[in-house]
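Chain by chain, the residues:
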Amino acid sequence: MDILTHDWRQKTPAAVRSSKSRQELLGTIACRFIDLAVDTQASQPFFSIILGGGRTPKELNRAIVELPPAKKVNWNRVNIFFSDERCVPPTHDDSNYKLILNTLIEPLRIPSGNVSRIPGEMEPREAASGYHNKLAAFGGKQAIPVFDLALLGLGPDGHTASLFPGSPALNRFDQFAAFAGTGPEGWSRITLTYPPLNAAKNVWIMAFGAAKSRAVQQLIRGPYNPPRLPAQAVRPKNGNLVYWLDGAAIKDTDSLP
Ligand code: 6PG
């Protein structure tokens, strides 16, 4: 059964967590992130996560770093992979890696050996193939690598990671990472594909601001059409899906589940 043609929304319903206040919601997400990290580390050696880019993670990471309970997490036992990357060097201001390095990895002194960045400086398809191999190695004997959390955003066009409408990566089920085409700012992109995202134990999609309200309504209420709204096909088969939405992203809170 193809993820892009079967409406999985019944099988994997999304929990909606919302707050009118963006700051309040950021604080809640930061607390839940820390709780999940602590709970996970209590039962397994590492808390392994997939992080996305964009403006939202910048705000969230600041909230995580500033929270006193962040000290309860053993940051030496956190593995970081990336949901996508712009094809730029890691020192470039548009690099997702640079964003996460500056706002989370360095402030929390996460060992560089725990961080697997997508080499945006390489030829895109070669970089994607190399990252697929890295993900496959991370997964070990598992057919698909299983992460404890994929923390993603939502674009106004319904993309998540760099799974854009019409992206060649939408139909790549044979690879865990793929060339995604060109992003809105003109950079070539590399993205994780649906399999590793949908194998995660927890998938959180964050959407803040009125610019996302139409995508949010379509994501939750619109016809199931992932080629047009790729985030709709992010449905962790055996995991929890949570949409974190602030008041501006939800035009009419009564209309949501
Ligand atoms: C990226 C992200 C992308 C992002 C959305 C939302 O590299 O840009 O992975 O999917 O999450 O575009 O971005 P904002 O958080 O800036 O709204």
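Everything below is about the structure shown above.
Asker: Please set out the packing of aromatic side chains residue by residue, giving values where relevant.
Answerer: Within the structure shown, the criterion is met by nine aromatic pairs. Between F33 and W75, the ring centres sit 6.4 Å apart and the planes meet at 15°, which makes this aromatic pair stacked. Here F33 is found in helix α1 (residues 22-43), whereas its partner W75 is found in the loop between α2 (55-66) and β3 (78-82), with 42 residues between them in sequence. Comparing F33 with W75 shows no difference in burial state: the two are buried.

Asker: How would you sum up the site of the ligand? Please name residues and give values.
Answerer: Taken together, the neighbourhood of the ligand is formed by 14 residues, with R55, T56, R86, A161 and K212 sitting nearest. In this structure, R55 approaches the ligand through a main-chain N or O atom, which is 2.7 Å from an oxygen atom. Here an oxygen atom of the ligand sits 2.8 Å away from a polar atom, N or O, in the side chain of R86. When the ligand is considered free in solution it has 420 Å² of accessible area, and contact with the protein chains removes 92% of it. For the shell around the ligand, the elements supplying multiple residues, two or more each, are α2 and β4 (84-86).

Asker: So what's going on with the pairing of strand β6 (residues 177-182)? Which residues, and what values?
Answerer: For β6, the tally of buried residues reaches five of six residues, placing the bulk of the element in the interior. Examined bridge by bridge, β6 and strand β7 (residues 188-192) share five bridges and lie antiparallel to one another. Its bridge partner lying in β7, A177 is registered against L192. Connecting β6 to the next strand, β7, in antiparallel fashion are five residues, including G186 with a positive phi near 100°.

Asker: I'd love a proper account of the pattern of salt bridges, names of residues and values included.
Answerer: Scanning the model with the defined rule gives nine salt bridges in all. With its nearest N and O atoms 3.4 Å apart, the salt bridge here joins R86 to E185. Here R86 is found in strand β4, whereas its partner E185 is found in the loop between β6 and β7, with 99 residues between them in sequence. Residue R86 is classed as buried on the basis of its relative accessible area, which comes to 13%. Classification of E185 as partly exposed rests on a relative accessible area of 34%. Three or more residues are tied together by salt bridges with common partners; here these are D84, R86, E185 and R189.

Asker: Give a detailed account of the sheet that holds β7, specifying residues and quantitative values.
Answerer: The antiparallel open sheet is built from three strands, whose spatial order is β4-β7-β6. A single partner strand is all that each edge strand has here, and the edge strands are β4 and β6. Neighbour to neighbour, the strand axes of the sheet diverge by 20° on average, direction disregarded. Packed on one face of the sheet, helix α4 (residues 124-139) meets β6 and β7 and runs near 150° to β6.

Asker: So what about the packing of α2 against helix α3 (residues 96-105)? Which residues, and what values?
Answerer: To describe two helices that pack against each other, one gives the angle between their axes and the distance between the axes. Remark: α2 packs on α3, axes separated minimally by 9 Å, with the N-to-C direction vectors making an angle of 20°. Considering their axes alone, α2 and α3 lie roughly parallel with respect to each other. Crossing geometry of α2 relative to α3 is assigned as right-handed. Touching P57, K58, N61, I64 and V65 of α2 are L99, I100, T103 and L104, all from α3. Looking at the contact of α2 with α3, its residues break down into six nonpolar, two polar and one charged.

Asker: Residue-level account of the sheet that holds strand β8 (residues 202-207), with values.
Answerer: Strand order in this open sheet of six strands is β1-β9-β8-β5-β2-β3, and the pairing throughout is parallel. In this open sheet, the two edge strands, each paired with only one partner strand, are β1 (14-19) and β3. Here the strands of the sheet are splayed against their neighbours by 20° on average, with no regard to which way each runs. For strand β2 (residues 47-51) and strand β5 (residues 149-153), the ladder comprises three bridges, and the chain directions are parallel. Along β5, the bridge assignment pairs I49 with L149. Where α1 meets the sheet, it contacts β1, β2, β3, β5, β8 and β9 (240-246), and its direction lies at approximately 155° from that of β9.

Cut-offs and rules
Residues numbered from 1 in each chain as written. Predicted model: local features only at pLDDT ≥ 70, side-chain atom pairs only at ≥ 80, totals over all residues. Heavy atoms only, no water. Phe/Tyr/Trp six-rings, centres within 6.5 Å; stacked < 30°, edge-to-face > 60°. Helix = DSSP H or I, 4+ residues; strand = E, 2+ residues; numbered from the N terminus. Buried < 20%, exposed > 50% of the residue type's maximum accessible area, 1.4 Å probe, protein only. Near = heavy atom within 4 Å. Polar contact = N/O pair within 3.5 Å; in protein donor to acceptor, adjacent residues only side chain to side chain. Areas by Shrake-Rupley, 256 points an atom, 1.4 Å probe, with all protein chains shown as cover. Pairing = 2+ DSSP bridges. Salt bridge = Lys/Arg side-chain N within 4 Å of Asp/Glu carboxyl O. Axes fitted to C-alpha atoms, helices over the stretch in contact; angles between N-to-C directions. Contact = heavy atoms within 4.5 Å. Parallel < 35°, antiparallel > 145°, perpendicular 65-115°, else oblique. Left-handed = near helix turned anticlockwise from the far one by under 90°. Nonpolar A, V, L, I, M, F, W, Y, C, P; charged D, E, K, R; others polar.

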